[in-house]
Amino acid sequence: GDSVTQMEGPVTLSEEAFLTINCTYTATGYPSLFWYVQYPGEGLQLLLKATKADDKGSNKGFEATYRKETTSFHLEKGSVQVSDSAVYFCALSINDYKLSFGAGTTVTVRA
Amino acid sequence: SAVISQKPSRDICQRGTSLTIQCQVDSQVTMMFWYRQQPGQSLTLIATANQGSEATYESGFVIDKFPISRPNLTFSTLTVSNMSPEDSSIYLCSAGQGEPGNTIYFGEGSWLTVV
């Protein structure tokens, strides 16, 4: 079935460090790919998305590129802040609105 | 775009009781869903809420435990029945609008603790 595998956490970084969270997917169809973020004590927010190969989603300094050849959608940010501390979820959807989520990666940024 | 409101946002429930969570969308949406997020875990799809008919449940979830209603295009309820501490979770309502796989919205979640 369709599934998402993302990098195990937790990840701890210093402020201004470079962040990468790896995400790969398995899908029978042609998925749309998403990154969601969940800040401590809050609900789920869409961070960015890409709907076709080579699309780059970006938001709040985060980027991810849809790589069909490697079935990947890695999340990157060049310089993280303490406020980026959160749980990040990679997810996919195949031609409908249902989402399959990865396990989530907890990121902690220290000042 | 669509804004999803859930009630209650948080609750502490007694073991053996049932609680109904409401989900209201501010515009018509094509599909509505309910997810569960157990503590420290990822999100798992419970069911698709079908307008005017029985919900479609994912493997491991049953109607007797999680009855769902969707009387119209913008409103749905999820009941967590006969609760046990294992039901302590965040329950999230989701809705799809526009092109499939493209526009998916989430509510803030309902954080339930069963004691």
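For the structure itself, consult the block above.
This section reports on the structure supplied with the text. Numbers given to residues run from 1 along each chain, matching the order in which its sequence is written. For naming, the first written chain is A and the first written ligand is 1, with later ones following in the order written. Local features in a predicted model are, by the rule used here, given only for residues with pLDDT of at least 70; side-chain atom pairs are given and counted only at 80 or more, and totals for whole chains, interfaces and linings are based on all residues. Side-chain calculation: all heavy atoms of the structure are included, whereas hydrogens and water are not.

A few words on the overall build of chain A. Summing up its helical and strand segments, chain A has 0 helices and 12 strands in all. To qualify as a helix, a DSSP run of H or I must reach at least 4 residues; to qualify as a strand, a run of E must reach at least 2; elements of each kind are numbered from the N terminus. Put simply, chain A runs from its N terminus to its C terminus through helices and strands in the order β-β-β-β-β-β-β-β-β-β-β-β. On C-alpha atoms alone, chain A measures out to a radius of gyration of 13 Å, which is about the 13 Å that the 2.2 N^0.38 rule sets for 111 residues. Principal-axis analysis of the C-alpha atoms places the extent of chain A at approximately 40 × 25 × 20 Å. Each residue is placed in one exposure class: buried if its accessible area under a 1.4 Å probe, protein chains only, is under 20% of its type's maximum, exposed if it is over 50%, and partly exposed if it falls in between. When burial is assessed residue by residue, chain A has 45% of its 111 residues classed as buried. In this analysis, two residues are considered to be in contact whenever any of their non-hydrogen atoms come within 4.5 Å of each other. Restricting the contact set of chain A to residue pairs at least 6 apart, pairs at least 24 apart contribute 55%. Accessible surface area values rest on a Shrake-Rupley calculation with a 1.4 Å probe, where residue burial reflects the displayed protein chains alone. When the accessible surface of chain A is split by element, carbon and sulfur atoms take 46% of a total near 5,100 Å². For chain A, the separation between the mean place of its 9 positive charges and that of its 12 negative charges on side chains is 4 Å. We take the radius of gyration over the C-alpha atoms and set the globule estimate at 2.2 Å times the residue count to the 0.38 power. Only four residue types enter the charge count: Lys and Arg as positive, Asp and Glu as negative, with His and the chain ends excluded. A single reference atom marks each charge: NZ on Lys, CZ on Arg, CG on Asp, CD on Glu.

Before going further, it helps to spend a moment on the sheet that holds strand E8 (residues 62–65) of chain A. All names here are of chain A. Strands pair, by our definition, only if DSSP identifies at least two bridges between them. Spatially, E3-E9-E8-E7 is the arrangement adopted by the 4 strands of the open sheet, whose pairing is antiparallel. The two strands at the open ends of the sheet, each matched to only one other strand, are strand E3 (19–21) and strand E7 (56–59). Each strand of the sheet is rotated relative to its neighbour by a mean of 15 degrees, with strand direction disregarded. Of the pairings in the sheet, the one linking E3 to strand E9 (residues 75–77) comprises 3 bridges and is antiparallel in character. By the bridge assignment for E9, Ile 21 is matched with Leu 75. Interaxial angles span 0 to 180 degrees and are taken between N-to-C directions of axes, which are lines fitted to C-alpha atoms, for helices over the stretch in contact.

Residue and element names in this part refer to chain A. One side-chain nitrogen of Lys or Arg within 4 Å of one carboxyl oxygen of Asp or Glu is enough to make a salt bridge. Counting across every chain of the model gives 5 salt bridges over all chains. Ionic pairing is found between Asp 55 and Lys 52, a salt bridge with its closest N-O pair at 3.4 Å. The class of Lys 52 is partly exposed, set by a relative accessible area of 46%.

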